[in-house]
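What the coordinates show
Chain by chain, the residues run as shown.
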Amino acid sequence: MIKRITAENYESGGKIPLHFRPVKKCPMCHSTFNGETMSSVIAPYEFVEYGETKRDWALYVLHYCQVCGLGFCGIYSQEPDRSLGRVYKPVVAIPERSEPLEFDPQIARLSPAFVKIYEEAHAAEKHDLTLICGMGYRKALEFLVKDYLIEKHPQESDTIAKEPLSQSIRRIDNLQIKTLAERSAWLGNDETHYTKKHDGYSYEDIKAFLEAMTAFILYEKTVEKAFLIPRK
Ligand SMILES: [Zn+2]
């Protein structure tokens, strides 16, 4: 959706007709956003490109979301457009409430700490803190593995909690879960230490492995439930 508005130049007070593509989702309630605009101003904007701080004019739009009834500010930078000449496209919308991630309630019950840490790592990633979010995903992995094992072996919970992660991973019977956990731990170490041992992989792979792990854990739980049905 491209909208036409007239924005005010903050310096000259002049009115500038322009095209912009409103943010698609409200940053507060994450509902689809219809682009409702209260006011708009063209003013300077600072950004970092290839490590260099630069300035350009940007479009600041004060929006209103009808779903949550809150206002927010969208910042748009101009880009060339084949048919319209120039179109302002979204850079950021603030303030922002982090979107809750959808983990199956069974995973949230098994390891609430895993979900919390994963969400924090994800928030770091969303804020471009990509050099440290991998450590967060690595920490989330540790909680998932240990809580998964403690549920299976409650009598050994103290030992499992205290032993190194690699030792816990060796206890996992399910080969798929074990492989995913082991590889995630290797990649997680690369996110934490000075030297990287596994080139060509990143926190994205840890995320994908964690997602697959939660899927296998859910399969296991479904199979366990099936086993409980007695033959009659
Ligand atoms: Zn909203």
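Residues numbered from 1 in each chain as written. Predicted model: local features only at pLDDT ≥ 70, side-chain atom pairs only at ≥ 80, totals over all residues. Heavy atoms only, no water.

The subject of this paragraph is the environment of F33. The topology assignment puts F33 in the loop between β2 (15-20) and β3 (37-49). Residue F33 is classed as buried on the basis of its relative accessible area, which comes to 5%. Along the primary structure F33 and L62 are separated by 29 residues, whereas in three dimensions their C-alpha atoms are 13 Å apart. Here F33 is in contact with M1, V23, K24, K25, C26, H63, Y64, C65 and F72, once residues within four sequence places are set aside. (Helix = DSSP H or I, 4+ residues; strand = E, 2+ residues; numbered from the N terminus. Buried < 20%, exposed > 50% of the residue type's maximum accessible area, 1.4 Å probe, protein only. Contact = heavy atoms within 4.5 Å.)

Helix length check: helix α2 (residues 112-126), at 15 residues, gives a terminal C-alpha distance of 21 Å against a target of 21 Å (1.5 Å per residue), a fit within 8%. Those residues of α2 not exposed but buried are F114, V115, I117, Y118, A121, H122, A124 and E125. Lining the buried residues of α2 we find α1 (105-110), α3 (133-152) and α7 (203-227). Positive phi appears at D128, one or two residues downstream of α2, with a value of about 65 degrees. (Expected span 1.5 Å × (residues − 1).)

Parsing the chain into structural domains produces domain 1 (3-94) and domain 2 (105-227). If you average the C-alpha positions of domain 1 and of domain 2, the two centres end up 39 Å apart. (Domains from an automatic or database assignment.)

Relative to the elements of secondary structure, R171 occurs in the loop between α5 (165-170) and α6 (175-192). The exposure class assigned to R171 is partly exposed, which follows from its relative accessible area of 23%. Along the sequence, R171 and L149 sit 22 residues apart, while their C-alpha atoms lie 7.8 Å from each other. Setting aside chain neighbours within four positions, we find R171 in contact with L149, E156, T159, I160 and E163. For R171, the side chain forms a polar contact with the side chain of E163, separated by 2.8 Å. (Polar contact = N/O pair within 3.5 Å; in protein donor to acceptor, adjacent residues only side chain to side chain.)

It is worth spelling out the packing of aromatic side chains at this point. As enumerated under the stated definition, the model contains 10 aromatic pairs in all. Relative to Y203, the ring of Y137 has its centre 6.4 Å away and its plane inclined at 10 degrees; by these criteria the two rings are stacked. Within this pair, whereas Y137 is found in helix α3, its partner Y203 is found in helix α7, the two being separated by 66 residues in sequence. Judged by relative accessible area, which is 0%, Y137 ranks as buried. (Phe/Tyr/Trp six-rings, centres within 6.5 Å; stacked < 30°, edge-to-face > 60°.)

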